[in-house]
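# Structural description and commentary
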Amino acid sequence: MTTAAPTQLRVPYVIAHADEVAPQPLWFVRRPLGGMQLAYKDPRRGDAVRGVLRVRVLTNRRGAPQWRKLNTLRQWRCMERMRCQVCGKAATDPATGRIPWIMTDTAFREIPDEPTGGLASAPPTCWACIPEALATCPQLRISSTVCTVARAEPVAVLADMFTPGPGRRAIPTGERNVEISLKDETVLPYALATQLIVHVHDLQPAVRD
Ligand SMILES: [Zn+2]
C-alpha cells in the first residue's frame, strides 16, 4: 500500500467494531412440520428475521474498527430503511425521491434480462457522504460507479452455514458468505445470516452538478 490513510478518518456507520462481537451458543431444534432449524439456545424474539436466523451482534461501536467487516444490525438497518452506510442518516434524496448508491464490482451484481435492476450487498450512501466515501475507501477507488435507484427491497442474505451434529449441535460447515434467496426454504434453516442483500430497481448512472 502506498496511500497513507487520512489522520482523521471517520469510521463508516456500517463498519463493525472489535467489541461488538457477541458469540452465542447455537444448536438445532426440530421444526413443528418436520426437519431441523438452526436456533439460539436461549431464544429471543427477533432472532429470526425474514425467515432466517440472524447473527447476534452488539451495536456499541466500541473497539477497533474492523475495516473488512460490516456490523450485521447496522447493515440490515441501512438496507431496510435506506440509511447511508457512512453517516447512518436517511440516504434518499428529498428533492428527487431517488436513492444515491455507490455500486462496486464486489457489492453489486447485474440480473440477466433486467437492464436497470441488480443485487446490492452494500447499502446506499447519501449525497453528502459520497465524496468522502470515494476519497477514503481504497476499494471504491478501484472500481465504483455512483448511481441512483428508485427503490430497493430485500431478496437474499449472505450467511454462514451449519449442519446438525450429535446432540443437535450446530457444526459449522466452513461455508461462509453464502448467498441464499429469502425464498429458499430448504437452505435457510441451516443458515446464520450476516448481511442483507437487496434488489435495486431503476438503476441509473448519477447525473448531478
Ligand atoms: Zn451519509
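Parameters at a glance
- Residues numbered from 1 in each chain as written.
- Predicted model: local features only at pLDDT ≥ 70, side-chain atom pairs only at ≥ 80, totals over all residues.
- Heavy atoms only, no water.
- 1 Å grid on protein atoms, 1.4 Å probe; cavity = no way out; pocket = protein on both sides within 12 Å on 5 of 7 lines; lining within 4 Å.
- Points joined across faces, edges and corners; volume = space filled by probe spheres on them.
- Nonpolar A, V, L, I, M, F, W, Y, C, P; charged D, E, K, R; others polar.
- Salt bridge = Lys/Arg side-chain N within 4 Å of Asp/Glu carboxyl O.
- Helix = DSSP H or I, 4+ residues; strand = E, 2+ residues; numbered from the N terminus.
- Buried < 20%, exposed > 50% of the residue type's maximum accessible area, 1.4 Å probe, protein only.
- Pairing = 2+ DSSP bridges.
- Phe/Tyr/Trp six-rings, centres within 6.5 Å; stacked < 30°, edge-to-face > 60°.
- Lys NZ or Arg CZ within 6 Å of the ring centre and 35° of its normal.
- Donors = N, O, S within 2.8 Å, 3.2 Å for Na, K, Ca; no water.
- Tetrahedral: all angles 85-135°; square planar, octahedral: opposite > 155°, others 65-115°.

Okay, the layout of surface pockets next. Roughly 190 Å³ of volume is contained in the second largest pocket. Around the second largest pocket, the lining residues are Ala22, Gln24, Arg44, Arg45, Gly46, Asp47, Arg54, Val55, Arg56, Val57, Leu58 and Leu73. Considered class by class, the residues forming the lining of the second largest pocket number five nonpolar, two polar and five charged.

Scanning the model with the defined rule gives ten salt bridges in all. Arg176 is the partner of Asp160 in a salt bridge, and the nearest nitrogen-oxygen pair spans 3.6 Å. Remark: Arg176 occurs in the loop between strand 12 (170-172) and strand 13 (178-181) and Asp160 occurs in strand 11 (residues 151-164); sequence separation between them is 16 residues. We classify Asp160 as buried; its relative accessible area is 13%. Put simply, Asp42, Arg44, Asp47 and Arg56 are held in one network by salt bridges that share partners.

Sheet topology places strand 8 (residues 108-111) next to strand 9 (residues 114-120); four bridges connect them, and they run antiparallel. By the bridge assignment, Ile111 is partnered in strand 9 with Glu114. Counting the residues between successive antiparallel strands, the hairpin from strand 8 to strand 9 contains two residues, one of them, Asp113, with a positive phi of roughly 65 degrees. As paired elements, strand 9 and strand 14 (residues 191-201) share three bridges and run antiparallel to each other. What sits directly across from Gly118, in strand 14, is Val200.

Aromatic ring pairs are reported here in terms of the distance separating the ring centres and the angle at which the planes meet. Counted by the stated rule, this structure contains one aromatic pair. Both rings, one in Phe28 and one in Tyr190, keep their centres 5.7 Å apart while their planes meet at 40 degrees; by these two values the pair is tilted. Taken as a pair, Phe28 in strand 2 (residues 26-30) and Tyr190 in the loop between strand 13 and strand 14 lie far apart in primary sequence, 162 residues in all. Across the ring face of Trp76, the terminal group of Arg54 is positioned such that the distance to the ring centre comes to 4.9 Å. Over the ring of Tyr13 we find Arg74; its NZ or CZ atom is 5.9 Å from the centre of that ring.

Take the coordination of the zinc ion next. The protein atoms donating to the zinc ion are Cys84 (SG), Cys87 (SG), Cys126 (SG) and Cys129 (SG), with metal-donor distances spanning 2.3 Å. In this structure, the zinc ion is coordinated by four donor atoms arranged in tetrahedral fashion, with angles at the metal of 103 to 114 degrees. When the donors of the zinc ion are listed by position in the chain, the intervening gaps give C-x2-C-x38-C-x2-C. Residue Cys87 is located in the loop between helix 1 (72-81) and strand 7 (99-104), and its partner Cys129 is located in the loop between strand 9 and helix 2 (130-136); the two are separated by 42 residues in the primary sequence. Its relative accessible area of 22% is what places Cys87 among the partly exposed residues. Take Cys129: its relative accessible area is 4%, and that puts it in the buried class.

Once that is clear, we can look at the pairing of strand 2. Taken residue by residue, a regular strand's side chains alternate between the two faces of the sheet. In this sheet, strand 3 (residues 36-40) lies alongside strand 2 in antiparallel orientation, the contact comprising five bridges. Following the sheet pairing, Trp27 is matched in strand 3 by Ala39. Hairpin remark: strand 2 followed by strand 3, antiparallel, with five residues in the connecting loop; positive phi at Gly34, about 100 degrees.

It is worth spelling out the sheet that holds strand 10 (residues 144-149) at this point. With antiparallel pairing, the three strands of this open sheet are ordered in space as 7-10-15. If you trace the sheet from one side to the other, it starts and ends with strand 7 and strand 15 (204-205), each paired once. Summarising the sheet, strand 10 and strand 15 pair through two bridges and their orientation is antiparallel. Bridge pairing in strand 15 links Cys147 to Pro205.

Looking now at unusual backbone geometry. Positive phi, close to 55 degrees, is recorded for Met82, a residue that is not glycine. Relative to the assigned elements, Met82 resides in the loop between helix 1 and strand 7. A positive phi angle is found at Asp113, which is not glycine, with a value near 65 degrees. Mapped onto the secondary structure, Asp113 falls in the loop between strand 8 and strand 9.

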